[in-house]
Amino acid sequence: MFSILVRSVKNYDWLRTLLLALICSSVGSGLTFIMVFAELARLHAGPSSFAIAFILSTSPGLLGSIIGKALLQQGETKYCLIAAECIGVLGLLIPWYGLRHDSVAFLQLAGIASSIAAGMTLPAINHYTKAKLAPEDIGAGALIDTLVFACQVLFGIGIGAFIYGKVSSDTYLLVNLINYLLAILFIASLPRLASFTHERGRAHCLPRELSAKQRASLYLLPALAMTGAPAMSLLPTLIKTDNSEQETLLLLLFARSLGQLLGPFLVKEDRYKNQSALFIIGCLAAFIICYIFVPFSPLVTISLLLVFLAHIFSNIIYSIGWYSLLTHFEKHQVAAASASSYRKQIIIGAAVSIVAGWLAERIGSHSSLIFCSGVGLLLSSTLILYVKRRQ
């Protein structure tokens, strides 16, 4: 799949511009994310606080996907992307207030704006790439979101770790603001899909009758959320070391993002086209096993390696899910399909994260992880096998 992405980047000027815009935007989101979790660690917030922060950094994407789908049905894709970045800019006021007053509540709310923006961006990206990529290059579209998601923390952590604590909070947020503004400039230079009066440029709703393959595409990513969300939300509380909590957290997030970035490139294109239910379930199981052994690791290095491996497996499934959505739906249906799948992910992820955080306060983070992810694996495996049999 890496060769498809490289070829597409070389062949499409608009794809290079879009990737630059999304990387700038992801740096802004990553800086906010790192700032929030590092400050929560400094304020010695409990496991439930981290879980709530994780939920609030993802669940508002539900509203964002609804807004994004509505905008795509009415007008031009690039304007939907610009609107999302503007929301991200305005949302910087929340962490600014939280930093000024050392407010755990406002720091937990800091991810809301970027989450709404992400929910708006996701269907817009898939709608735009599906419309403009040639059929043989559609695999590149499946990797864009994975690449951007990894860059959110890779570049966000890289820049954030370098400047965090060395500059004032106002300067830190100014760097964040500049990244959002650069993203807006790049998006503004993208070619339009069509004029407002050109019906082909707009997104359509999903048809009432879906094929078995289309239904399987819609449920694969929610199945991943059912299994992976407990581990993602409890990650900052799974390792206890003598090192600084902020330093350990940054290393964990960095290892997670490296795995997310590398995973999709390790899978051959044939695996994307011929999706095996057993392969997908095996990746989910490997993800959970890696996380279960994280607290038992005698060295932080081993824990980081386990987190890295876990997210290689998770993002293999993630990229397969997006590839399935892009290939099994028509151009005018991709935005609605992406938004529908994303909403399911958000609802399921938020629900299991709430349960995981609540249990962690009572039985411990590790026991909560085993229970929630184990039940999630059982349910998601049942769902995947059921949907595959319907095909």
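Since this is a predicted model, take the numbers as computed values, not measurements.

What follows is about helix 15 (residues 300-328). End to end, helix 15 covers 42 Å across 29 residues, agreeing with the expected 42 Å (1.5 Å per residue, within 8%). Where burial is concerned, most of helix 15 is hidden: 21 out of the 29 residues are buried.

Bringing the confidence of the model for the chain into the picture now. Taken residue by residue, the chain gives an average pLDDT of 81. The fraction at 70 or more is 91%. Low pLDDT (under 50) marks residues 195-199, which in the prediction has seven contacts with non-local residues, meaning those over four places away or in another chain.

What follows covers the pattern of salt bridges. Under the counting rule described, the total for this entry stands at three salt bridges. The salt bridge partner of Asp13 is Arg16, with a shortest N-O separation of 2.0 Å. Remark: Arg16 and Asp13 occur in helix 2 (residues 13-42); sequence separation between them is three residues, near one turn of the helix. Looking at Arg16, the relative accessible area reads 33%, which means it is partly exposed. The partner of Arg100 in a salt bridge is Asp170, and the shortest N-O contact between them spans 2.9 Å. Of the two residues, Arg100 is situated in helix 6 (residues 93-101) and Asp170 in helix 10 (residues 169-188); the sequence distance between them amounts to 70 residues.

Moving on, we get to a nonpolar patch on the surface. Together, Trp96, Tyr97, Phe106 and Leu109 make up an exposed nonpolar region whose accessible area comes to about 330 Å². Elements that contribute at least two residues to the nonpolar patch include exactly helix 6 and helix 7 (104-109). Relative to the helices and strands, Phe106 is located in helix 7. Overall, Phe106 belongs to the partly exposed group, its relative accessible area being 32%.

Right, let's talk about the environment of Ser373 for a bit. With respect to the secondary-structure elements, Ser373 resides in helix 17 (residues 365-390). Owing to a relative accessible area of 1%, Ser373 belongs among the buried residues under this scheme. Expressed as a C-alpha distance, the spacing of Ser373 and Ala285, which sit 88 residues apart in the sequence, is 9.4 Å. Residues contacting Ser373, with those up to four places away along its chain left out, are Thr227, Pro230, Ala231 and Ile288.

Attention now moves to helix 10. The first and last C-alpha atoms of helix 10 sit 29 Å apart over 20 residues, in line with the 28 Å expected at 1.5 Å per residue. Burial in helix 10 covers these residues: Tyr172, Leu173, Asn176, Asn179, Tyr180, Ala183, Ile184 and Ile187. Viewed end-on, helix 10 has its buried residues packed into an arc of 140°, placing them on one side of the element.

What follows covers the nonpolar core. By size, the foremost hydrophobic cluster in this structure holds 105 residues, and its most contacted members are Trp14, Phe37, Tyr291 and Ile384. Among the elements that take part in this core, helix 2 stands out by supplying 15 residues, more than any other.

Running from amino to carboxyl end, helix 5 (residues 77-90) crosses helix 10 at an angle of 170°, the nearest separation of the two axes being 9 Å. Between helix 5 and helix 10, the angle is such that the two are roughly antiparallel. Along its contact with helix 5, which presents Lys78, Leu81, Ile82, Glu85, Cys86, Gly88 and Val89, the element helix 10 presents Leu177, Tyr180, Ala183, Ile184, Ile187 and Ala188. Of the residues contributing to the contact of helix 5 with helix 10, the split by class is ten nonpolar, one polar and two charged.

What counts as what
- Residues numbered from 1 in each chain as written.
- Predicted model: local features only at pLDDT ≥ 70, side-chain atom pairs only at ≥ 80, totals over all residues.
- Heavy atoms only, no water.
- Helix = DSSP H or I, 4+ residues; strand = E, 2+ residues; numbered from the N terminus.
- Expected span 1.5 Å × (residues − 1).
- Buried < 20%, exposed > 50% of the residue type's maximum accessible area, 1.4 Å probe, protein only.
- pLDDT = per-residue confidence, 0-100.
- Contact = heavy atoms within 4.5 Å.
- Salt bridge = Lys/Arg side-chain N within 4 Å of Asp/Glu carboxyl O.
- Patch = residues over 30% accessible without salt bridge, like charges linked within 9 Å, V, L, I, M, F, W, Y side chains within 5 Å.
- Areas by Shrake-Rupley, 256 points an atom, 1.4 Å probe, with all protein chains shown as cover.
- Arc of directions from axis to C-beta.
- Core = buried A, V, L, I, M, F, W, Y, C linked by side-chain atoms within 4.5 Å.
- Axes fitted to C-alpha atoms, helices over the stretch in contact; angles between N-to-C directions.
- Parallel < 35°, antiparallel > 145°, perpendicular 65-115°, else oblique.
- Nonpolar A, V, L, I, M, F, W, Y, C, P; charged D, E, K, R; others polar.

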